[in-house]
Amino acid sequence: MPEQKRSIPRRAFRLAVFSFTVWGFVSLGRPTRLPRAPIARAESNPEPAPEARARRRPLKRLGPALVFAVLFFAGASFSAVAGDQAVQLLAEDAAELTAVTGEEPAAEEPEPAAEPEPAAEEPAAEAPEAEFGEDLSAAPARFAPSAPAPAAEPQPAPARAKRAPASNRPAPEQPARPLDPEAETPGATIWLHRALPEPTLRTFRLTPQAARNLARSAKRSGLDWAVVLGVLRANGRGTVREAAPELAKLGASRDAWGAALAYTGRTAAADRALALSRYYRAVGLATIVRGLTARKAALIRRLLADPRVAVYAAGREDLAAGRVDVRVVALLAYLAETYGQVTVSSLVSGHRLYARPGVVSGHVFGDAVDIAALGGVSVAGNQRPGGLVERTVRDILLLPAEMRPDQVISLLGLGGPSFPLADHADHIHVGF
């Protein structure tokens, strides 16, 4: 009923507009009648009087003006009425949607404002001195062993495909060409053309207070601080206060490997603990606190003054000029600590530009070293399994994660970055 009451005025309005429009078009087509002039009996003037022409012009313009005015107002009225009906229909649709879903229609969200550009990140401040105290395993990222990967769920065996007829079988694939390990394996060429970052990350460093506590506790127990730190990090847990007295009771001052095995209960952990202790002793406690890059000059001076390290004259100049990467310097100190003597046959000077055709050697950038003898024993003729070279390669692979090289080349391949090449019979190549 309310809808019928609202429709009656609309129909009347439309009828009126239509009537005015029709009347305007009829007025345009109807000729204008002028009053007849009296017939003169004497001479008749064919020309109408000026007053008649003046009266005729307004009558001709009135009809079109009225028609255009009616059309203008009719269009405006139709637009207004259509807008009102559209708004009413939208409101009715929204009401029906709310009644059915019980939810209000979501309003349009404004466009997000442009975010400001992030400011440059400031370097993280070092932890306070008393952060770790004597508990060197407080930071899980430092000493906690990595969590084992979750076991993969068994997948159902794929359905066996039907064998295709002999005429539709694809041609057999050709055997893959063997890769050149030094030129084509991952890490063999990319590392040659980039600057190496600081190897000792903050995660693997000690605060000055933690270093003092480590040295004090180890000395109180009659042990070397490097042995205590190596066992703790290889074990992945424990504190200096607990580990130092326990390792002293296990005889770590006489047999570090046996004490590490008794403390950790794992042979692999004992091997790693011994290698870590030798590395920490070779680079010094200050390097574990400040990092290798900050201590590069001091490590080079110590290496050049070490009688256990034999370097040819041009190689000594490379070391003194700082052309050799600090990882190579730390590696030579570690091998001298492990075997008591190391002979270097090639650093930067004296080595050819290309290791292989089109592959620039790592020696050119100071990122590689060739080792000719260890413990006074030549590498040539001692590359049989279980011999000197195999022990050396295994000891190099036990270095901390930040010190592990990308290439360890000899006549033996022990996995990982270690692989054999026939032209390395007289030396061990180690590249970072």
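About the thresholds
- Residues numbered from 1 in each chain as written.
- Predicted model: local features only at pLDDT ≥ 70, side-chain atom pairs only at ≥ 80, totals over all residues.
- Heavy atoms only, no water.
- Helix = DSSP H or I, 4+ residues; strand = E, 2+ residues; numbered from the N terminus.
- Contact = heavy atoms within 4.5 Å.
- Axes fitted to C-alpha atoms, helices over the stretch in contact; angles between N-to-C directions.
- Parallel < 35°, antiparallel > 145°, perpendicular 65-115°, else oblique.
- Left-handed = near helix turned anticlockwise from the far one by under 90°.
- Nonpolar A, V, L, I, M, F, W, Y, C, P; charged D, E, K, R; others polar.
- Expected span 1.5 Å × (residues − 1).
- Polar contact = N/O pair within 3.5 Å; in protein donor to acceptor, adjacent residues only side chain to side chain.
- Buried < 20%, exposed > 50% of the residue type's maximum accessible area, 1.4 Å probe, protein only.
- Pairing = 2+ DSSP bridges.

**Topic: the overall build of the chain**
Along its length, the chain carries 14 helices and 9 strands. Taking as baseline every contact in the chain between residues at least 6 positions apart, the subset at least 24 positions apart corresponds to 67%.

**Describing the packing of helix α5 (residues 208-220) against helix α6 (residues 225-235)**
Running from N to C, α5 and α6 cross one another at 110 degrees; their axes reach a closest spacing of 8 Å. Relative to α6, the element α5 is oriented roughly perpendicular. Considering only the axes of α5 and α6, their crossing is right-handed. Note on element contacts: α6 touches α5 through W225, V228 and L229, opposite L214, A215 and A218. For the contact of α5 with α6, a count of residues per class yields 6 nonpolar, no polar and no charged.

**Re helix α13 (residues 326-339)**
Compared with an ideal rise of 1.5 Å per residue, which puts 14 residues at 20 Å, α13 spans 20 Å between its outermost C-alpha atoms and is within 8% of the ideal. Its side-chain oxygen 2.9 Å from the backbone nitrogen of R327, D325 forms the N-cap of α13. Directly after α13, the chain includes G340, whose backbone phi takes a positive value near 80 degrees.

**Considering the pairing of strand β9 (residues 428-431)**
Side-chain direction in a regular strand flips from residue to residue, so the side chains alternate between the two faces of the sheet. Of the two faces of β9, the one lined by I428 and V430 and the one lined by H429 and G431 are each fully buried. Of the pairings in the sheet, the one linking strand β5 (residues 368-374) to β9 comprises 4 bridges and is antiparallel in character. Note on β9: the bridge partner recorded for I371 is I428.

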